[in-house]
Amino acid sequence: MSRTATIERNTKETKIRVTLELDGAGNGTIDTGIGFFDHMLEGFTRHGLFDLTAKCRGDVQVDSHHSIEDMGIVLGTAIREALGDKKGIVRYGSCLLPMDETLAMCAIDLSGRPYLVFDAPFQSDMVGAMDTQMAREFFYAVSYAAGMNLHLKVLYGENDHHKMEALFKAFAKALDAATRLDPRITDVLSTKGTL
């Protein structure tokens, strides 16, 4: 059974369509109108081995906020829907990811209970055309729309490009681990019997 979801969101600020396949090969077609953000989503797709098609037309003449936040909402919703009833998934995933001088950590619980802990200081206001403040907003939107417990931290680093990229790749690897199916898990991995 294919674990795939297609989500659309149309507002006065953004028009977004995302198709996500959890059991992909790392193929992506990304176009958000924000070059650096496209680069981050391409890294997420490739390193998580997801297949992702994402198209966003937003009011980038204002700034990048609406496009990036709404893309987080749509991607999080796609993750939740692609997981279905969550039977057989490992549920937890984590990754400690190095990128040159930077070390980033991500830990995920696909519990159905949204929560974000984000600890990543940036020195610059922008990386390319992406406001560095939007990294937190993106992951907040993903965590709440997906219903996941998400912890992200840059342990150390100097270059903001490396910090941001390490966070997105660590998130990809942790999500790949958490969404894996384990044949030993015949229901959902919870003492409550539901996620």
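Everything below is about the structure printed above this text.
**Description of the overall build of the protein**
Thought 1: Along the backbone of the protein there are 4 helices and 10 strands.
Thought 2: Its C-alpha atoms give the protein a radius of gyration of 16 Å, near enough to 16 Å, the size a compact globule of 195 residues would have.
Thought 3: Projected onto the principal axes, the alpha-carbon positions of the protein cover approximately 50 × 40 × 30 Å.
Thought 4: For the protein, the residues scored as buried account for 52% of the 195 residues in total.
Thought 5: Across the protein, contacts joining residues at least 24 apart in sequence account for 75% of those joining residues at least 6 apart.
Thought 6: For the protein, the exposed surface amounts to about 9,000 Å²; the carbon and sulfur share of it is 50%.
Thought 7: Side chains of the protein carry 21 positive and 27 negative charges; the gap between the two charge centres is 7 Å.

**Topic: the sheet that holds strand 2 (residues 14-21)**
Thought 1: Taking strand neighbours across the sheet as the criterion, the 4 strands line up as 1-2-4-3 in an open arrangement whose pairing is mixed. The open sheet terminates on both sides in strands that have one partner only, identified here as strand 1 (4-10) and strand 3 (28-31). Going across the sheet, the axis of each strand differs from the next one's by a mean of 5°, ignoring polarity.
Thought 2: Relative to strand 2, strand 1 is paired through 7 bridges, and the arrangement is antiparallel. Its bridge partner lying in strand 2, arginine 9 is registered against isoleucine 16.

**With respect to the pattern of salt bridges**
Thought 1: Counted by the stated rule, this structure contains 11 salt bridges.
Thought 2: Its salt-bridge partner being arginine 17, residue glutamate 8 comes within 2.4 Å of it at the nearest N-O pair.
Thought 3: Classification of arginine 17 as partly exposed rests on a relative accessible area of 43%.
Thought 4: Between arginine 180 and aspartate 176 there is a salt bridge whose closest N-O contact spans 2.8 Å.
Thought 5: Taking the relative accessible area as the measure of exposure, arginine 180 reaches 46% and is therefore partly exposed.
Thought 6: What you see here is one network of salt bridges that share partners, running through Asp31, Lys55 and Arg57.

**Describing the nonpolar core**
Thought 1: Among the nonpolar cores identified, the biggest contains 59 residues, and Ile108, Phe138, Met148 and Phe171 are the most heavily contacted of them.
Thought 2: No other element matches helix 4 (residues 160-179), which puts 10 residues into this core.
Thought 3: For phenylalanine 138, the contacting residues outside a window of four places in its chain are Phe37, Leu41, Ile68, Met71, Gly72, Leu75 and Phe168.

Calculation criteria
- Residues numbered from 1 in each chain as written.
- Predicted model: local features only at pLDDT ≥ 70, side-chain atom pairs only at ≥ 80, totals over all residues.
- Heavy atoms only, no water.
- Helix = DSSP H or I, 4+ residues; strand = E, 2+ residues; numbered from the N terminus.
- Rg over C-alpha atoms; globule rule 2.2 N^0.38 Å.
- Buried < 20%, exposed > 50% of the residue type's maximum accessible area, 1.4 Å probe, protein only.
- Contact = heavy atoms within 4.5 Å.
- Areas by Shrake-Rupley, 256 points an atom, 1.4 Å probe, with all protein chains shown as cover.
- Lys, Arg positive; Asp, Glu negative; His and termini not counted.
- Charge placed at Lys NZ, Arg CZ, Asp CG, Glu CD.
- Pairing = 2+ DSSP bridges.
- Axes fitted to C-alpha atoms, helices over the stretch in contact; angles between N-to-C directions.
- Salt bridge = Lys/Arg side-chain N within 4 Å of Asp/Glu carboxyl O.
- Core = buried A, V, L, I, M, F, W, Y, C linked by side-chain atoms within 4.5 Å.

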